Amino acid sequence: MNDHDADPSGLRFRRPTESDHARIVGLVDEWWGGRRMSGLLQRLWFQHFTGTSWIAEDGEGELLGFLVGFISPDDPETGYVHMIASNPNRRRHGLGAALYARFFEDVGSRGVRRVKAITWPGNRVSVAFHRSIGFRLDDGPETQNLYGSPAYPDYDGDGEDRVVFVRKLDPAR
């Protein structure tokens, strides 16, 4: 898959560049329903993690979605998706799954055998989406049932509970 692939639906997929930072940061809070997410997307993500991240645009270059991910330097068999988002008007049409598919192919070809991601347990849309594309919810001994999902209380600090998703990749990749 090259960096400027188009798929049959007319979407164009490419790698992010540093110049995409301002455009994405300007939209992400709105796409997340007003939650303040832009602070999680510092410029460094668009400088140092572009080789495993993706942007989806329409034929006119309108941003429709993105995925920022990387391979763990401490565990090269683990990939991690830092953030995925899509334009709310384009959801439920396979865009998020297509972004993840590109990430799985990227990291799987480099020896990654599992991909992890997290979300707030009250984000039922994210939990359902990740389950629909083959992630399982980590239900380790420290998890509690929060908002109907096994989650780690205080995972990212006081009151910052998280569901941890894990998806194994096909070793044939």
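Residues numbered from 1 in each chain as written. Predicted model: local features only at pLDDT ≥ 70, side-chain atom pairs only at ≥ 80, totals over all residues. Heavy atoms only, no water.

Trainee: Can you lay out unusual backbone geometry for me, pointing to particular residues and giving the numbers?
Mentor: Positive phi, close to 55°, is recorded for Tyr 147, a residue that is not glycine. Relative to the helices and strands, Tyr 147 is located in the loop between β7 (144–146) and β8 (149–151). Positive phi values are uncommon outside glycine, yet Asp 154 reaches one of about 60°. For Asp 154, the location among the structural elements is in the loop between β8 and β9 (163–168). (Helix = DSSP H or I, 4+ residues; strand = E, 2+ residues; numbered from the N terminus.)

Trainee: An account of the pattern of salt bridges is needed here, citing residue identities and associated values.
Mentor: The final tally for this structure, using the stated rule, is 12 salt bridges. A salt bridge links Arg 23 to Glu 57, with the shortest nitrogen-to-oxygen separation between them at 2.7 Å. In this pair, Arg 23 sits in helix α1 (residues 21–31) while Glu 57 sits in strand β2 (residues 54–57), placing the two residues 34 residues apart along the sequence. Note that Arg 36 and Asp 29 form a salt bridge whose closest N and O atoms lie 3.6 Å from each other. (Salt bridge = Lys/Arg side-chain N within 4 Å of Asp/Glu carboxyl O.)

Trainee: So what's going on with the side chain of Thr 143? Which residues, and what values?
Mentor: Checked against the element boundaries, Thr 143 lands in the loop between β6 (136–137) and β7. Residue Thr 143 is classed as buried on the basis of its relative accessible area, which comes to 17%. Polar side-chain contacts of Thr 143 include one of 2.7 Å to the backbone oxygen of Gly 140. The residues contacting Thr 143, other than those within four sequence positions of it, are Asp 138, Pro 150, Ala 151 and Tyr 152. (Buried < 20%, exposed > 50% of the residue type's maximum accessible area, 1.4 Å probe, protein only. Polar contact = N/O pair within 3.5 Å; in protein donor to acceptor, adjacent residues only side chain to side chain. Contact = heavy atoms within 4.5 Å.)

Trainee: Let's hear about the nonpolar core: which residues, and what values?
Mentor: Counting 27 residues, the largest nonpolar core has Phe 13, Val 81, Leu 99, Tyr 100 and Val 115 as the members making the most contacts within it. Looking at this core, the elements with two or more residues in it are β2, β3 (63–71), β4 (78–86), α3 (95–108), β5 (114–119) and β9. No other element matches α3, which puts 7 residues into this core. Beyond its immediate chain neighbours, meaning those up to four positions away, Tyr 100 contacts Leu 67, Val 81, Ile 84, Ala 117, Phe 129, His 130, Ile 133 and Phe 135. Core analysis: the next-biggest nonpolar cluster, separate from the first, contains 14 residues, Ile 24, Phe 46, Leu 63 and Val 68 among them. (Core = buried A, V, L, I, M, F, W, Y, C linked by side-chain atoms within 4.5 Å.)

Trainee: Which residues make up the layout of surface pockets, and what are the values?
Mentor: Size it by volume and the largest pocket reaches roughly 990 Å³. Lining the largest pocket are 37 residues, with Trp 32, Ile 84, Asn 123, Ser 126 and His 130 positioned closest to its centre. Mapped by element, the contributors of at least two residues to the lining of the largest pocket are β4, α3, β5 and α4 (124–132). Looking at which element gives the most residues to the lining of the largest pocket, the answer is β4, with 7 residues. Classifying every residue of the lining of the largest pocket gives 20 nonpolar, 11 polar and 6 charged. (1 Å grid on protein atoms, 1.4 Å probe; cavity = no way out; pocket = protein on both sides within 12 Å on 5 of 7 lines; lining within 4 Å. Points joined across faces, edges and corners; volume = space filled by probe spheres on them. Nonpolar A, V, L, I, M, F, W, Y, C, P; charged D, E, K, R; others polar.)

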